[in-house]
Amino acid sequence: MTATASRHRLTTAKAMVDGIAAEMERDESVIVLGEDVGAYGGIFSSSTGLLDRFGATRVIDTPISETAFIGLGIGAAVEGLRPIVELMFVDFFGVCMDQIYNHMAKISYESGGNVKVPMVLTTAVGGGYSDGAQHSQCLWGTFAHLPGMKVVVPSNPYDAKGLMISAIRDDSPVVYMFHKGVLGLPWMAKNPRSVDEVPDEPFTVPIGKARVARAGSDVTVVTVSLSVHHALDVADRLATEGVDVEVLDLRSLVPLDREAILTSVAKTGRLVVVDEDYLSYGLSGEVVATVTDVDPGLLRAKVARVAVPDVPIPYAHALEYAVLPRPERIEAAIRAVVGA
Amino acid sequence: MTAPPDDGTRVELYRTMVLARTFEEAMLREYHADKGPGFDIGKGLVPGEMHLAAGQEPVAAGVCAHLTTDDAVTATHRPHHFAIAHGIDLRRMAAEIFGRETGLGRGRGGHMHLFDPATHFSCSGIIAEGYPPALGQAFAFQRKGTDRVAVAVTGEGAANQGAFHESLNLAALWRLPVVFVVEDNDWGISVPRASSTCVPSNAVRAAGYDMPGERIEDNAVEAVYAAAGRAVARARAGDGPSLIEVHTLRLWGHFEGDAQAYRKDIEDVPGRDPLPTYERTLREAGLLDEAGAAAVKAEAVEKVEDAVRFAKESPAPDPAEAGRYVFADGGPA
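Just so it is clear, the model here is predicted, and its values are computed rather than measured.

What counts and what doesn't
- Residues numbered from 1 in each chain as written.
- Chains lettered and ligands numbered in written order.
- Predicted model: local features only at pLDDT ≥ 70, side-chain atom pairs only at ≥ 80, totals over all residues.
- Heavy atoms only, no water.
- Helix = DSSP H or I, 4+ residues; strand = E, 2+ residues; numbered from the N terminus.
- Rg over C-alpha atoms; globule rule 2.2 N^0.38 Å.
- Buried < 20%, exposed > 50% of the residue type's maximum accessible area, 1.4 Å probe, protein only.
- Contact = heavy atoms within 4.5 Å.
- Lys, Arg positive; Asp, Glu negative; His and termini not counted.
- Charge placed at Lys NZ, Arg CZ, Asp CG, Glu CD.
- Buried area = accessible area lost by both parts, 1.4 Å probe.
- Salt bridge = Lys/Arg side-chain N within 4 Å of Asp/Glu carboxyl O.
- Nonpolar A, V, L, I, M, F, W, Y, C, P; charged D, E, K, R; others polar.
- Pairing = 2+ DSSP bridges.
- Axes fitted to C-alpha atoms, helices over the stretch in contact; angles between N-to-C directions.
- UniProt positions renumbered as here; feature names shortened; annotations may be inferred.
- Phe/Tyr/Trp six-rings, centres within 6.5 Å; stacked < 30°, edge-to-face > 60°.
- Lys NZ or Arg CZ within 6 Å of the ring centre and 35° of its normal.

When its secondary structure is counted, chain A shows 12 helices and 14 strands. For 340 residues, the compact-globule estimate of 2.2 N^0.38 gives 20 Å, and chain A sits close to it at 20 Å. Projecting the C-alpha coordinates of chain A onto the three principal axes gives extents of approximately 60 × 45 × 45 Å. Residues classed as buried in chain A amount to 64% of the 340 residues present. Considering only contacts within chain A whose residues lie at least 6 apart along the sequence, 82% involve residues at least 24 apart. Taking the average place of the 29 positive charges on the side chains of chain A and the average place of its 42 negative ones, the gap between the two points comes to 5 Å.

Each partner contributes to the interface: chain B provides 38 residues, whereas chain A provides 41 residues. Taking both sides of the interface into account, the surface hidden between chain B and chain A amounts to around 3200 Å²; carbon and sulfur atoms contribute 63%. Run the count over chain B and chain A and you get 0 salt bridges. At the level of elements, α5 (131-143) and α6 (162-173) of chain B are the ones that each hand at least two residues to the side of chain B that touches chain A. Among the elements that make up the side of chain B that touches chain A, the one with the highest residue count is α5 of chain B (9 residues). Looking at the side of chain B that touches chain A residue by residue, the classes come out as 20 nonpolar, 9 polar and 9 charged.

Residues and elements named next belong to chain A. Ordered in space as β3-β2-β4-β5-β7-β6-β12, the 7 strands form an open sheet in which the pairing is mixed. Looking at the sheet topology across the chains shown, the edges are occupied by β3 (59-61) and β12 (252-254). Strand-to-strand twist across the sheet, computed as the mean angle between neighbouring axes with direction ignored, equals 20°. Where strand β2 (residues 30-34) meets strand β4 (residues 82-89), 5 bridges bridge the pair, whose relative direction is parallel. From the neighbouring strand, G34 faces β4, where its bridge partner is E86. Packing of helix α7 (residues 157-169) onto the sheet brings it into contact with β2, β4, β5 (120-125), β6 (150-152), β7 (174-179) and β12, and relative to β7 it is tilted by some 160°.

It is worth spelling out the UniProt feature "domain: Transketolase-like pyrimidine-binding" (unreviewed entry) in chain A at this point. Within this structure's numbering, the places UniProt gives as "domain: Transketolase-like pyrimidine-binding" (unreviewed entry) are residues 10-185 of chain A. Secondary structure across residues 10-185 of chain A comprises 36% helix and 19% strand; the distance between its end C-alpha atoms is 11 Å.

Counted under the stated rule, the structure contains 49 salt bridges over all chains. With a closest N to O distance of 3.6 Å, R214 of chain A and D236 of chain A form a salt bridge. With R214 of chain A in strand β9 (residues 211-214) and D236 of chain A in helix α8 (residues 226-239), the pair connects residues that are 22 residues apart, well separated along the chain. Judged by its relative accessible area of 18%, R214 of chain A is buried. In this structure, R108 of chain B and E101 of chain B form a salt bridge, with 3.4 Å as the shortest nitrogen-oxygen distance.

The residue after V254 of chain A, namely P255 of chain A, is reached through a cis peptide bond having omega -5°. Tracing the sequence through the fold places P255 of chain A in the loop between β12 and α9 (258-268). P37 of chain B follows G36 of chain B through a cis peptide bond whose omega is 0°. Non-glycine residue S130 of chain A carries a positive phi angle of around 60°. Relative to the helices and strands, S130 of chain A is located in the loop between β5 and α6 (140-145). Look at S130 of chain A and you get partly exposed, because its relative accessible area is 23%. Located in the positive-phi region is N219 of chain B, a residue other than glycine, with phi close to 55°.

This part is about the packing of aromatic side chains. Within the structure shown, the criterion is met by 10 aromatic pairs over all chains. Aromatic pair F44 of chain A and W187 of chain A: ring centres 5.8 Å apart, planes at 20°, arrangement stacked. Here F44 of chain A is found in the loop between β2 and α2 (50-54), whereas its partner W187 of chain A is found in the loop between β7 and β8 (195-199), with 143 residues between them in sequence. Ring geometry for F139 of chain B versus W174 of chain B: centroids 5.9 Å apart, planes at 40°, classification tilted. Of this pair, F139 of chain B sits in helix α5 while W174 of chain B is found in the loop between α6 and β4 (178-184), placing the two residues 35 residues apart along the sequence. Among the residues examined, W174 of chain B registers a relative accessible area of 18% and is labelled buried. The rings of F44, F89, F92 and W187 of chain A are connected pair by pair, giving a single aromatic cluster. Lying over the aromatic face of F327 of chain B, K150 of chain A brings its terminal NZ or CZ to 5.5 Å of the ring centre. Seen from the ring of Y31 of chain B, K35 of chain B lies directly overhead, with NZ or CZ sitting 3.9 Å from the centre.

See below:
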């Protein structure tokens, strides 16, 4: 065994593509379908270079017909292919949700496990760049709410590659949601954590396992995706004041790593949930219930939830930043919970 | 061109139609056997909505006569006749409808959600949404270099859904080996075709997608057989999709329990039953006599009653296992 595996610094987007390419190399049945996934390379660089490398029979531009091409992915998966199908923005699910939640997600169950749908539905999520109410949502709570789909949400280059490889190899449908703000795109503000060293070789990150992104003892911040970056920035700042924040990156919403949540809260006794999805009926409530269902006594303070209040994502920059879980809101919530 | 069905095929078409009808008659009997007092839809050995396909057998028999079980069929919420014509295992289908562990979906699916990997058969309870997955099956068949085809079935009401039009465009664009079948039974539940659809024939819509479209007017199984022969041959040859609309007949209600008070054609319905019509045709052609017809019927009854018996004798699923099969590893959510 070599002492050091080769690594390269990659953006999250490139790491994601690296994972796809590795599986396409390994497995002929892996194909990529979607709008502008070919010559453009994905509007958010989710398929850059794949057309040149694997050709137009495996990297296929589709018409703007999400119902037809997502359904096509389902039928192809049933017959043994492993399609990666891109829904350009998650906000567009409204035109094709029937194929996603009534077909892709239910066929395994309705068939009593006799039919498998090994398909990855990739989709861009998130706001912060004034794209308005129909192109800025996260909506992962909506998908995670409906049974039959695994849901993964990487926050960094390493997880983006490892979760992609796991998703492609999984025999169940996996919704892979990438936040535009973690991709490291040159044309959008980015956190330094959007670029990191990633092993060149294929590797997997297990679906359903959270990661302690920062260990701490005073308060647990449970979060996902871009909010992980913000939470880590806030934690660094508060550390200078002696507040020791633990940040738990869920990475997967289905299955949810409830053990990791309980373990962390048992240690810190305090919980802040940060979620860029809407506040009500969603991830933040689910995380809190995960604790209170098992042992409300784990909590030594009231819980804080930092999420998008139940309004559409506004266009004007100041309005948008007022509703997003920006670092200032996260910091205020942590201070309130620890009494600092 | 497709040759007209030979004598053996004609009798086979009849046999398929009789088997499908016999199955529906048995479901009708079992469904209503214990819904009382009054009518409680959730009660009985066969609970839930029940959409029976009596009257529409010529479509399934005529189309599926050209298929093998390597070909795919995606059917609708009214799926039994296509499932039977495509050769699905009757026992496991009946067991699914009875909600038993031995059913195609181990009792998780029900009569609108029948999935059979052995025959590449599936159906969907959502109008027009069975079309897109058929494209994917055809896509996979094409990539494997086979001449297998996918048949996608909807009713006429589905032709006004987006999924229908998106699918026609994509299938034609990629020359997928698909045969689109529209069963026009005149009614979208209670809404007559004339109140829902701007064209007299959905076959004309095929032209908008640069594919052949054909309408069979009289629910005639041999005309369906001929049209399907052309469409399947075209798909197998790699020339792309076709659309066939058949003006068929919903002999019974939209679902069981539907009083059909809205139905102005109700008086004429029994006279349009395609089964006695086709039996008469075959008898006049000398291919069937009274004894022959009785034998076909007896054979169908035996198969169907065997399936019903199997279903009734099969164990119910274990309620403790309601969470199984959500994911492919068979594990709980």
